[in-house]
Amino acid sequence: MKKMFFYLFLACALIVTVSHDADAFPRRDAPASASSVLRVGATPVPHAELLNLVREDLAAQGITLRVIEFTDYVQPNMALISGDLEANFFQHIPYLNSNADWSSRLVSAFGVHVEPFGLYSTKFSRLADLPDGATIAIPNDPTNGGRALLLLQAHGLITLRAGVDLTATPRDITGNPKNFRFRELEAALLPRSLDDVDAATINGNYALEAGFNPVNDSLIIENAESPYVNIIVVRRGTEQDSRIVALRNVLLSQRVRDYINSSYNGGVVPVF
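S.K.: Help me understand the overall build of the protein, please; the structure alone is not making it clear to me.
M.R.: Across its full length, the protein carries eleven helices and 13 strands. If you take every contact in the protein between residues at least 6 apart in sequence, the share linking residues at least 24 apart comes to 74%. Carbon and sulfur atoms make up 53% of the accessible area of the protein, which amounts to about 14000 Å² in all.

Below, the structure written as structure tokens:
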């Protein structure tokens, strides 16, 4: 009789244990839930600012937005390729396409804004005041360097070889009536170079970070029709990830458009 009670107790214990363990492990046919975290790499201004603006909108949809800030134009793409990010926000398509490895693995999910590129100086307040032989700093990356030279050509400061495009370098200059000298620097360093050069062509985000008002402080600036739209970039094949779709919906909203128009004084122009 004692043995019977012992085996009955043991059986009950096993039933309870199996029932408890069954709750600890998902059923084989239960669908795996998608991650609710969205990691986006961005340069601080305006990209990280715009992302932080929509953080709560995504949280209301169950998505935790993590903004990882970068101060250069190379690491955000490397981090995205390696899987440390789900997206990044800092570049335009010509820059993405300047590297074959990037463009083969990464793709634009959608465009958000343009940051008009400008020429700045802390020594001269008018374009006409730039002296003969002035030193002008330009970005040293392929697309933004060419973009800077095309801007200078559009305002009659230099002439480039016929047919040259964004790949232009100072070696493509065929006309230079004021004998400007060009110094190629990393884009992030251009605002700080203004103490050492006569003028510098600066990307909109770095100009804003340095405290410039692109519309009021630049000697010359691209117009609002600039083709260099800043884009959300993702790994190829993930464009329809539900988190990316949600990000698109909240970034391309009237609230974000109004914020851009009221906050950046023309230094950032929405394209939606």
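From this point on, the discussion continues.
S.K.: Explanation requested: empty space enclosed by the protein in the structure shown.
M.R.: To locate leftover empty space, one rolls a probe as large as a water molecule over the atoms. As enumerated under the stated definition, the model contains one cavity of 30 Å³ or more in all. Each pocket or cavity is described by its volume, and for the largest cavity that value is around 110 Å³. Elements represented by at least two residues in the lining of the largest cavity include exactly β3 (87-92), α7 (142-154) and α8 (204-209). Take the lining of the largest cavity: its biggest share by element is three residues, from β3.

S.K.: Would you take a moment to explain the layout of surface pockets for this structure?
M.R.: Looking at the largest pocket, its volume works out to about 160 Å³. Taken together, twelve residues form the lining of the largest pocket, with L150, L151, A154, E222 and N223 sitting closest to its centre.

S.K.: Can you walk me through the sheet that holds strand β5 (residues 118-120) in this structure?
M.R.: Pairing between the strands of a sheet is mediated by backbone hydrogen bonds and can be parallel or antiparallel. Taken in spatial order, the five strands of this open sheet run β9-β6-β10-β5-β11, and their pairing is mixed. One side of each edge strand has no neighbouring strand; the edge strands of this open sheet are β9 (181-185) and β11 (220-221). Here β5 pairs with β11 via two bridges, running antiparallel. Of the residues in β11, the one forming a bridge with G118 is I221.

S.K.: Before we go on, may I ask you to explain helix α2 (residues 44-53) in this structure?
M.R.: Residues three or four positions apart in an α-helix share a direction because the helix packs 3.6 residues into each turn. Buried residues dominate α2, accounting for seven of its ten residues. By the burial criterion, the buried members of α2 are P44, V45, P46, H47, A48, L50 and L51.

S.K.: Where do I start with the packing of α2 against helix α11 (residues 254-263) in this structure?
M.R.: Geometrically, a packed helix pair is captured by the angle between its two axes and the distance between the axes. Two elements in contact, α2 and α11, have axes separated by 11 Å at closest approach and are oriented at 140°. In terms of axis orientation, α2 runs oblique to α11. Viewed along their axes, α2 and α11 form a crossing whose handedness is right-handed. In this structure, α2 uses E49, L50 and L53 to contact α11, whose residues at the interface are R255, V256, Y259 and I260. A class-by-class count of the residues in the contact of α2 with α11 yields five nonpolar, no polar and two charged.

S.K.: Just checking my understanding: could you explain the packing of aromatic side chains for this structure?
M.R.: The relative placement of two aromatic rings is captured by the distance of their centres and the angle of their planes. Scanning the model with the defined rule gives seven aromatic pairs in all. With centroids separated by 5.3 Å and ring planes inclined at 45°, the aromatic side chains of Y95 and W102 adopt a geometry described as tilted. Classification of Y95 by relative accessible area gives buried; the value is 5%. The buried category is assigned to W102, whose relative accessible area is 6%. Chaining the aromatic ring pairs together yields one cluster made of Y73, F90, Y95, W102 and Y206.

S.K.: Where do I start with the nonpolar core in this structure?
M.R.: Here is a general trend for soluble globular proteins: nonpolar side chains tend to be buried in one another's company. L51, I232, L247 and L251 are the most contacted members of the largest nonpolar core, which totals 29 residues. Among the secondary structure elements, those contributing two or more residues to this core are β1 (37-42), α2, β2 (64-69), β3, β4 (106-114), β12 (229-235), α10 (242-251) and α11. Those residues within four positions of L247 in sequence are excluded, and the remaining contacts are L38, V40, L51, V54, L58, F110 and I232. Y73, A187, V197 and V233 belong to the second largest nonpolar core, which has 24 residues in total.

S.K.: Quick question: what am I supposed to make of the pattern of salt bridges here?
M.R.: Side-chain pairing between opposite charges can occur once the charged atoms of the two side chains come close. Under the defined criterion, the tally for this structure stands at seven salt bridges. Close ionic contact of D57 with R255 constitutes a salt bridge, the shortest N to O distance being 2.4 Å. Placement of D57 in helix α3 (residues 55-59) and of R255 in helix α11 is noted, with a sequence separation of 198 residues between them. Given a relative accessible area of 29%, D57 falls into the partly exposed group. According to the relative accessible area criterion, R255 is partly exposed, its value standing at 41%. Residue R105 pairs with D101 through a salt bridge whose shortest N-O separation is 2.8 Å. Taken together, the residues span about one helical turn, with R105 and D101 both in helix α6 (residues 100-105) at a distance of four residues.

S.K.: So what exactly am I meant to see when it comes to unusual backbone geometry here?
M.R.: Phi is mostly negative for residues that are not glycine, and the peptide bonds are mostly trans. Residues V45 and P46 are joined by a peptide bond in cis, for which omega reads -5°. Residue position: P46 is located in helix α2. One non-glycine residue, N265, lies in positive phi territory at about 50°. Along the chain, N265 falls in the loop between α11 and β13 (269-270).

The rules behind these values
- The residue numbers shown here count from 1 along each chain, following its written sequence.
- For this predicted model, a pLDDT threshold of at least 70 governs which residues receive local features, and a threshold of 80 or more governs which side-chain atom pairs are given and counted, while totals over whole chains, interfaces and linings are taken from all residues.
- Heavy atoms throughout the structure, all of them, feed into the side-chain values; hydrogens and water do not.
- Each helix is a run of H or I in the DSSP string that is no shorter than four residues. Each strand is a run of E no shorter than two, and both are numbered from the N terminus.
- By definition, residues are in contact when any of their heavy atoms lie within 4.5 Å.
- The Shrake-Rupley method, run with a 1.4 Å probe sphere, supplies the accessible areas, and residue values consider only the shown protein chains as cover.
- With a 1 Å grid spanning the protein atoms alone, the term cavity applies to any set of points in which a 1.4 Å probe fits but cannot get out, the term pocket to an open set with protein on both sides within 12 Å along at least five of seven lines, and the term lining residue to any residue with an atom within 4 Å of a point.
- Grid points are joined across faces, edges and corners, and a volume is the space filled by probe spheres set on the points.
- By this definition, two strands are paired if DSSP reports at least two bridges between them.
- The cut-offs for exposure are 20% and 50% of the maximum accessible area for each residue type, with area from a 1.4 Å probe on protein chains only; residues under the lower value are buried, those over the upper are exposed, and the others partly exposed.
- To define axes, lines are fitted to C-alpha atoms, for helices over the stretch in contact only, and angles between the resulting N-to-C directions are given on a 0 to 180 degree scale.
- Just so you know how the angles are binned, under 35 degrees is roughly parallel, over 145 roughly antiparallel, 65 to 115 roughly perpendicular, and the rest oblique.
- In this scheme the handedness of a crossing depends on how the near helix is turned from the far one: anticlockwise by less than a right angle means left-handed, clockwise means right-handed.
- In the scheme used here, Gly and all other residues not listed as nonpolar or charged are polar, with Ala, Val, Leu, Ile, Met, Phe, Trp, Tyr, Cys and Pro taken as nonpolar and Asp, Glu, Lys and Arg as charged.
- Each pair of aromatic rings taken from Phe, Tyr and Trp, with Trp reduced to its six-membered ring, is defined by centres within 6.5 Å and is described as stacked if the planes are under 30 degrees apart, edge-to-face if over 60, and tilted in the remaining cases.
- Each nonpolar core is a collection of buried residues, namely Ala, Val, Leu, Ile, Met, Phe, Trp, Tyr and Cys, held together in the definition by side-chain atoms within 4.5 Å.
- Salt bridges, as used here, are contacts in which a Lys or Arg side-chain nitrogen is within 4 Å of a carboxyl oxygen on Asp or Glu.

Any functional reading would require information that these geometric values do not contain.
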